[in-house]
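The residues making up each chain are set out below.
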Amino acid sequence: MEYGTQRLVMYPHLNAAGILFGGQALAWIDEEVIIYAANKLGTTRLALVKMSEVTFKSPANIGDILVIGTELIKIGRTSITVKCELKNKTTNKVIVTVDEVVMVALDYNKKPTPHGLPEPS
(Lines give C-alpha, C1' and ligand atoms only; values in the text may rest on other atoms or scores of the structure.)
Protein backbone atom coordinates (compact mmCIF):
# COMPACT_ATOMS: atom_id res chain seq x y z
CA MET A 1 0.00 0.00 0.00
CA GLU A 2 1.29 3.47 -0.92
CA TYR A 3 0.75 6.16 1.71
CA GLY A 4 0.59 9.70 0.44
CA THR A 5 -1.64 12.45 1.71
CA GLN A 6 -1.63 13.40 5.36
CA ARG A 7 -4.44 15.17 7.18
CA LEU A 8 -4.65 16.88 10.55
CA VAL A 9 -7.90 16.29 12.45
CA MET A 10 -9.29 19.70 13.42
CA TYR A 11 -12.52 20.87 15.07
CA PRO A 12 -14.56 21.16 11.82
CA HIS A 13 -13.83 17.44 11.14
CA LEU A 14 -15.45 16.21 14.37
CA ASN A 15 -18.91 14.75 14.96
CA ALA A 16 -21.13 15.34 18.00
CA ALA A 17 -19.17 12.71 19.96
CA GLY A 18 -15.96 14.69 19.46
CA ILE A 19 -14.27 12.18 17.13
CA LEU A 20 -13.62 12.23 13.38
CA PHE A 21 -16.89 12.43 11.43
CA GLY A 22 -17.27 9.37 9.18
CA GLY A 23 -18.43 11.49 6.25
CA GLN A 24 -15.24 13.53 6.45
CA ALA A 25 -13.11 10.37 6.40
CA LEU A 26 -14.97 9.13 3.31
CA ALA A 27 -14.58 12.50 1.56
CA TRP A 28 -10.82 12.33 2.14
CA ILE A 29 -10.73 8.76 0.81
CA ASP A 30 -12.75 9.74 -2.29
CA GLU A 31 -10.38 12.62 -3.02
CA GLU A 32 -7.27 10.46 -2.51
CA VAL A 33 -8.55 7.72 -4.82
CA ILE A 34 -9.40 10.29 -7.53
CA ILE A 35 -5.84 11.68 -7.30
CA TYR A 36 -4.37 8.16 -7.35
CA ALA A 37 -6.46 7.18 -10.40
CA ALA A 38 -5.68 10.48 -12.18
CA ASN A 39 -1.96 9.85 -11.75
CA LYS A 40 -2.27 6.28 -13.06
CA LEU A 41 -4.58 7.11 -15.98
CA GLY A 42 -3.31 10.55 -16.96
CA THR A 43 -6.74 12.19 -16.74
CA THR A 44 -8.92 13.89 -14.15
CA ARG A 45 -12.09 13.02 -16.06
CA LEU A 46 -13.03 10.34 -13.55
CA ALA A 47 -16.04 9.36 -11.51
CA LEU A 48 -16.54 7.20 -8.45
CA VAL A 49 -18.70 4.23 -9.44
CA LYS A 50 -18.62 2.03 -6.36
CA MET A 51 -17.37 2.05 -2.81
CA SER A 52 -17.57 -1.35 -1.12
CA GLU A 53 -18.35 -1.92 2.51
CA VAL A 54 -16.71 0.67 4.72
CA THR A 55 -15.31 -0.60 8.03
CA PHE A 56 -14.52 1.86 10.81
CA LYS A 57 -11.97 0.26 13.13
CA SER A 58 -10.89 2.99 15.56
CA PRO A 59 -11.62 6.66 16.25
CA ALA A 60 -9.47 9.66 15.45
CA ASN A 61 -9.30 12.63 17.79
CA ILE A 62 -8.53 16.31 17.51
CA GLY A 63 -4.86 16.85 16.70
CA ASP A 64 -4.26 13.37 15.29
CA ILE A 65 -2.29 13.18 12.06
CA LEU A 66 -3.82 10.75 9.57
CA VAL A 67 -2.29 9.24 6.46
CA ILE A 68 -4.20 7.79 3.51
CA GLY A 69 -3.00 4.64 1.76
CA THR A 70 -4.01 3.32 -1.66
CA GLU A 71 -3.31 0.11 -3.53
CA LEU A 72 -4.25 -0.89 -7.07
CA ILE A 73 -6.38 -4.04 -6.97
CA LYS A 74 -7.78 -4.47 -10.48
CA ILE A 75 -7.64 -2.88 -13.93
CA GLY A 76 -10.72 -2.98 -16.16
CA ARG A 77 -11.30 -1.63 -19.66
CA THR A 78 -12.74 1.70 -18.45
CA SER A 79 -12.15 1.42 -14.71
CA ILE A 80 -9.62 0.76 -12.00
CA THR A 81 -10.30 -0.69 -8.58
CA VAL A 82 -8.35 0.56 -5.58
CA LYS A 83 -8.14 -0.51 -1.94
CA CYS A 84 -7.85 2.35 0.52
CA GLU A 85 -7.24 2.87 4.21
CA LEU A 86 -7.05 5.83 6.53
CA LYS A 87 -4.47 5.27 9.23
CA ASN A 88 -3.71 7.27 12.37
CA LYS A 89 -0.04 8.23 12.14
CA THR A 90 -0.15 9.35 15.77
CA THR A 91 -1.32 5.99 17.20
CA ASN A 92 -0.44 3.71 14.21
CA LYS A 93 -4.02 2.36 14.26
CA VAL A 94 -6.19 1.93 11.17
CA ILE A 95 -9.20 4.26 11.30
CA VAL A 96 -11.18 2.99 8.30
CA THR A 97 -10.72 0.57 5.42
CA VAL A 98 -12.48 0.34 2.07
CA ASP A 99 -11.65 -2.86 0.20
CA GLU A 100 -12.89 -1.69 -3.21
CA VAL A 101 -13.23 1.78 -4.65
CA VAL A 102 -14.03 1.69 -8.37
CA MET A 103 -13.22 4.71 -10.51
CA VAL A 104 -14.22 4.96 -14.17
CA ALA A 105 -12.59 7.10 -16.88
CA LEU A 106 -15.01 9.43 -18.70
CA ASP A 107 -15.03 10.95 -22.17
CA TYR A 108 -16.08 14.56 -22.85
CA ASN A 109 -19.76 13.47 -22.86
CA LYS A 110 -19.29 12.01 -19.37
CA LYS A 111 -19.64 8.44 -20.68
CA PRO A 112 -17.27 5.60 -19.67
CA THR A 113 -14.31 5.37 -22.02
CA PRO A 114 -11.29 3.06 -22.25
CA HIS A 115 -8.45 4.51 -20.21
CA GLY A 116 -5.46 3.03 -21.99
CA LEU A 117 -3.88 1.02 -19.17
CA PRO A 118 -3.31 -2.57 -20.25
CA GLU A 119 -5.66 -5.09 -18.70
CA PRO A 120 -3.91 -8.04 -17.06
CA SER A 121 -4.11 -11.21 -19.14
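Residues numbered from 1 in each chain as written. Predicted model: local features only at pLDDT ≥ 70, side-chain atom pairs only at ≥ 80, totals over all residues. Heavy atoms only, no water.

> Give me a nonpolar patch on the surface: which residues, what numbers.
Taken together, the side chains of Leu8, Met10, Tyr11, Ile62 and Ile65 make up a nonpolar region of the molecular surface, amounting to roughly 490 Å² of accessible area. Residue position: Ile62 is located in the loop between strand E3 (54-56) and strand E4 (65-75). The class of Ile62 is partly exposed, set by a relative accessible area of 36%. (Patch = residues over 30% accessible without salt bridge, like charges linked within 9 Å, V, L, I, M, F, W, Y side chains within 5 Å. Areas by Shrake-Rupley, 256 points an atom, 1.4 Å probe, with all protein chains shown as cover. Salt bridge = Lys/Arg side-chain N within 4 Å of Asp/Glu carboxyl O. Helix = DSSP H or I, 4+ residues; strand = E, 2+ residues; numbered from the N terminus. Buried < 20%, exposed > 50% of the residue type's maximum accessible area, 1.4 Å probe, protein only.)

> Can you break down the environment of Ile34 residue by residue, with the values?
With respect to the helices and strands, the residue Ile34 is situated in helix H1 (residues 22-41). Sequence spacing of Ile34 and Thr44 is ten residues, and the spatial spacing of their C-alpha atoms is 7.6 Å. Those residues in contact with Ile34 that lie beyond four places of it in its chain are Leu46 and Met103. (Contact = heavy atoms within 4.5 Å.)

> Quick one: what's the story with the UniProt feature "domain: HotDog ACOT-type" (unreviewed entry) in the protein chain, residue by residue and with numbers?
Per the UniProt annotation, the sites labelled "domain: HotDog ACOT-type" (unreviewed entry) are residues 1-109. Along residues 1-109 one finds 18% helix and 45% strand; the C-alpha atoms at either end are 33 Å apart. (UniProt positions renumbered as here; feature names shortened; annotations may be inferred.)

> Go over the environment of Val96, please, and point to the residues and values.
With respect to the secondary-structure elements, Val96 resides in strand E6 (residues 94-105). Remark: the alpha-carbon pair of Val96 and Leu72, spanning 24 residues in sequence, is separated by 17 Å. Residues in contact with Val96, not counting those within four places in the same chain, are Ala25, Ile29, Val54, Thr55, Phe56, Cys84, Glu85 and Leu86.

> Can you break down H1 residue by residue, with the values?
Three or four residues apart is the spacing at which side chains of an α-helix point the same way, because the helix has 3.6 residues per turn. With 20 residues, H1 extends 28 Å between its outermost C-alpha atoms, agreeing within 8% with the 28 Å of an ideal straight helix rising 1.5 Å per residue. Buried within H1 we find Gln24, Ala25, Trp28, Ile29, Glu32, Val33, Tyr36, Ala37, Ala38 and Leu41. The positive-phi residue at the C-terminal boundary of H1 is Gly42, with phi of around 75°. (Expected span 1.5 Å × (residues − 1).)

> Give a detailed account of the pairing of E6, specifying residues and quantitative values.
Regular strands place their side chains on alternate faces of the sheet. Within E6, nine of the twelve residues are buried, which leaves the element mostly enclosed by the surrounding structure. With five bridges joining them, strand E2 (residues 46-51) and E6 adopt antiparallel strand pairing. Across the sheet, Lys50 pairs through a bridge with Val102, a residue of E6. Taken together, the three bridges between E3 and E6 define a ladder with antiparallel strand orientation. Each bridged residue has a counterpart across the sheet, and for Val54 the counterpart in E6 is Val98. What sits between the antiparallel neighbours strand E5 (residues 79-88) and E6 is a turn of five residues, in which Asn92 has the positive phi angle 65°. (Pairing = 2+ DSSP bridges.)

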